Amino acid sequence: MLLAAAPGAWAASRIKDIATFEGVRDNILIGYGLVVGLNGTGDDMDDDPYTRESLIGMLERMGVNTRDDDLSPDNAAAVMVTATLPPFARQGSRIDVTISALGTASNLLGGTLLVTPLLGADGEVYAVAQGQVQVGGFVAEGEAETVTKGVPTNGRIPNAAIVEKEVPFELGDMESVKISLRNPDFTTGRRVSNAINTFLGTELASQLDPGTVLMRVPRDYPGGVVGLLADVEQLRVEPDQLARVVIDEQTGTIVIGENVRIDTVAIAQGNLTIRVTETPQVSQPAPFSTTGQTEVVPRTEIEVDEEEDNQLTVVNPGVTLQDLVNGLNSLGVGPRDMISILQAIKAAGAMQAEIQVM
């Protein structure tokens, strides 16, 4: 499959779609917890001693002493809990969490996550999660066969975590805001700063580097920083792109960027195919003959196809992307062979683009 970003496909995009604003970001949370109520699919306490110690510690906090008992249930599992804290999340708001088995548990279906603190990178607790685990996969097994769909040791709990602590950040007090491009580029950065200056009618935005634009906040702007960002993120800018060819050899997918150019080059592609066919025949003596015997006589047919009809195709210099696609398609080759042709053109120095193999 050959995909091409044809001219005009890169239309103007909103700044909010190609860049992020300083301070407006997510935060990663992580925690360790216990899932209980499993139907015999939990951790093996002999193989996963940390699950047993976690159960003992949890029960002791509840006033139950089990440290001297042989505690070996099969309906509990140790899990890692992960979540993303959205920007400006306030106390009391809820977020989704993802549950992943840590030990030998085979299925988390039907389990309940007990109260689990979720920590940030600074070690502080920002949310607390608890709830019924939702698992998308399942396991069905019998004596001779087992069927597994999806990953039953992973699950999700919507709105399970309650935000207990906010990330301090005063957006309204900022005198300037940095805009970070998702794909750093000198040309795109300059276009972003020019679009902002044109909108504000003054030179308040400047490009610091290929990925950063600094925007100063006018003191008398209606709505302050929040109002300014709401207006600026809707401005449209046409992002520039590198001349790049992306190749996925596993699926045979080829994506060619708009700015890819080819110098004069002649291309020929052909395969050598040898087909060997065995059609053995049986030789028998005449009826009622007392001499001779039945024999199997081999018959072999060999065909050689060198695809001599394939001719050289000349690609002229400075062709457009459509001309390049048409020239490659005229060779009548499949995606696998086309990948080899593109790599050979690059090796010959005739392609003014970067090849990225996924």
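Residues numbered from 1 in each chain as written. Predicted model: local features only at pLDDT ≥ 70, side-chain atom pairs only at ≥ 80, totals over all residues. Heavy atoms only, no water.

Asker: I'm lost on the overall build of the protein chain in this one. Help?
Answerer: Scanning the protein chain from N- to C-terminus turns up six helices and 26 strands. Out of the 358 residues belonging to the protein chain, those deemed buried represent 34%. Expressed as a percentage of contacts within the protein chain between residues at least 6 apart in sequence, the contacts between residues at least 24 apart total 69%. In the form shown here, the protein chain has an accessible surface area of approximately 21100 Å², with 50% of it arising from carbon and sulfur atoms. (Helix = DSSP H or I, 4+ residues; strand = E, 2+ residues; numbered from the N terminus. Buried < 20%, exposed > 50% of the residue type's maximum accessible area, 1.4 Å probe, protein only. Contact = heavy atoms within 4.5 Å. Areas by Shrake-Rupley, 256 points an atom, 1.4 Å probe, with all protein chains shown as cover.)

Asker: Explain the packing of aromatic side chains to me, please; I cannot follow it from the model alone.
Answerer: Here a ring pair, both rings aromatic, is described through the centre-centre distance and the interplanar angle of the planes. The final tally for this structure, using the stated rule, is one aromatic pair. Between the aromatic rings of Phe88 and Phe169, the centroid separation amounts to 6.2 Å while the plane-to-plane angle is 50°, which identifies the pairing as tilted. Taken together, the positions of Phe88 in the loop between strand S5 (76-85) and strand S6 (94-101) and Phe169 in the loop between strand S11 (154-163) and strand S12 (176-181) put the pair 81 residues apart, joining distant regions of the chain. Relative accessible area serves as the criterion here: at 34%, Phe88 is assigned to the partly exposed category. (Phe/Tyr/Trp six-rings, centres within 6.5 Å; stacked < 30°, edge-to-face > 60°.)

Asker: Whenever I open this one, helix H2 (residues 49-61) confuses me. Can you help?
Answerer: Here H2 is 13 residues long and its end C-alpha atoms lie 19 Å apart, about the 18 Å a rise of 1.5 Å per residue gives. For H2, every residue scored as buried is listed here: Thr51, Ser54, Leu55, Ile56, Gly57 and Met58. Residues of H2 that are buried make contact with strand S4 (27-36), S5 and strand S7 (112-119). (Expected span 1.5 Å × (residues − 1).)

Asker: Explain the pairing of S12 here, please?
Answerer: The two faces of the sheet receive side chains in turn, since in a regular strand these alternate between them. Of the two faces of S12, the one holding Val177, Ile179 and Leu181 is buried and the one holding Ser176, Lys178 and Ser180 is not buried anywhere. Bridge count between strand S3 (residues 19-21) and S12: three bridges; the pairing is antiparallel. Among the inter-strand pairings, Ala19 is bridged to a residue of S12, identified as Leu181. Relative to strand S14 (residues 212-216), S12 runs antiparallel, the two sharing five bridges. Pairing of Lys178 across the sheet is with Leu214, part of S14. (Pairing = 2+ DSSP bridges.)

Asker: Just checking my understanding: could you explain the side chain of Asp248 for this structure?
Answerer: Relative to the helices and strands, Asp248 resides in strand S16 (residues 244-248). A relative accessible area of 16% means that Asp248 is categorised as buried. Apart from residues no more than four positions distant in its own chain, Asp248 is found in contact with Thr253, Ile339 and Met358.

Asker: Would you take a moment to explain the sheet that holds strand S13 (residues 205-209) for this structure?
Answerer: A sheet is described by the order of its strands in space; here four strands give the open sequence S3-S12-S14-S13, paired in antiparallel fashion. Two strands bound the open sheet, and with one partner strand each, they are S3 and S13. Adjacent strand axes in the sheet meet at a mean angle of 25° when their direction is disregarded. Sheet contacts for helix H3 (residues 186-200): S12, S13 and S14; angle to S13, the most-contacted strand, approximately 160°. Along the sheet, helix H4 (residues 224-232) contacts S3, S12 and S14; its crossing angle with S14, the most-contacted strand, is approximately 130°. (Axes fitted to C-alpha atoms, helices over the stretch in contact; angles between N-to-C directions.)

Asker: Explain a nonpolar patch on the surface to me, please; I cannot follow it from the model alone.
Answerer: Together, Tyr32, Tyr50 and Leu102 make up an exposed nonpolar region whose accessible area comes to about 250 Å². The residue Leu102 is located in the loop between S6 and S7 in this model. Exposure remark for Leu102: the relative accessible area of 39% places this residue in the partly exposed category. (Patch = residues over 30% accessible without salt bridge, like charges linked within 9 Å, V, L, I, M, F, W, Y side chains within 5 Å. Salt bridge = Lys/Arg side-chain N within 4 Å of Asp/Glu carboxyl O.)

Asker: Can you help me understand the environment of Gly42 in this one?
Answerer: Its location among the elements puts Gly42 in the loop between S4 and H2. You can call Gly42 buried: its relative accessible area is 13%. Along the chain, Gly42 and Ala78 lie 36 residues apart, while their C-alpha atoms are 8.4 Å from each other. Residues contacting Gly42, with those up to four places away along its chain left out, are Asp74, Ala76, Ala77, Thr104 and Ala105.

Asker: Whenever I open this one, the sheet that holds strand S8 (residues 125-132) confuses me. Can you help?
Answerer: Two modes of strand pairing occur in sheets, parallel and antiparallel, and in both the strands are linked by backbone hydrogen bonds. Read around the closed barrel, six strands run S4-S5-S6-S11-S8-S7, paired in antiparallel fashion. If you compare each strand with its neighbour and ignore which way they point, the axes differ by 30° on average. Of the strands in this sheet, S4, S5 and S7 touch H2, which is tilted by about 85° from S4.

Asker: Is there a simple way to explain the pattern of salt bridges in this structure?
Answerer: Oppositely charged side chains may form a pair once their charged atoms are brought near each other. Per the stated rule, a full pass over the model turns up seven salt bridges. In this structure, Glu166 engages Arg90 in a salt bridge whose closest nitrogen and oxygen atoms are separated by 3.0 Å. Of this pair, Glu166 sits in the loop between S11 and S12 while Arg90 sits in the loop between S5 and S6, and the two are 76 residues apart along the sequence. By relative accessible area, Arg90 is classed as partly exposed at 45%. Here Asp96 makes a salt bridge to Arg156, at a shortest N to O gap of 3.2 Å. Separated by 60 residues along the polypeptide, Asp96 in strand S6 and Arg156 in strand S11 bring together distant segments of the chain.

Asker: Please explain a negative patch on the surface as it appears in this structure.
Answerer: Together, Asp44, Asp46, Asp47, Asp69 and Asp70 make up a negatively charged patch on the protein surface. Relative to the helices and strands, Asp44 resides in the loop between S4 and H2. (Lys, Arg positive; Asp, Glu negative; His and termini not counted. Charge placed at Lys NZ, Arg CZ, Asp CG, Glu CD.)

Asker: I would appreciate a short explanation of the environment of Gln293 in the present structure.
Answerer: With respect to the helices, strands and loops of the structure, Gln293 is situated in the loop between strand S21 (281-283) and strand S22 (295-297). Overall, Gln293 belongs to the exposed group, its relative accessible area being 58%. Sequence separation between Gln293 and Ser283 is 10 residues, and the spatial gap between their C-alpha atoms is 8.3 Å. When neighbours within four sequence positions are excluded, Gln293 is seen to be in contact with Ser283 and Pro285.

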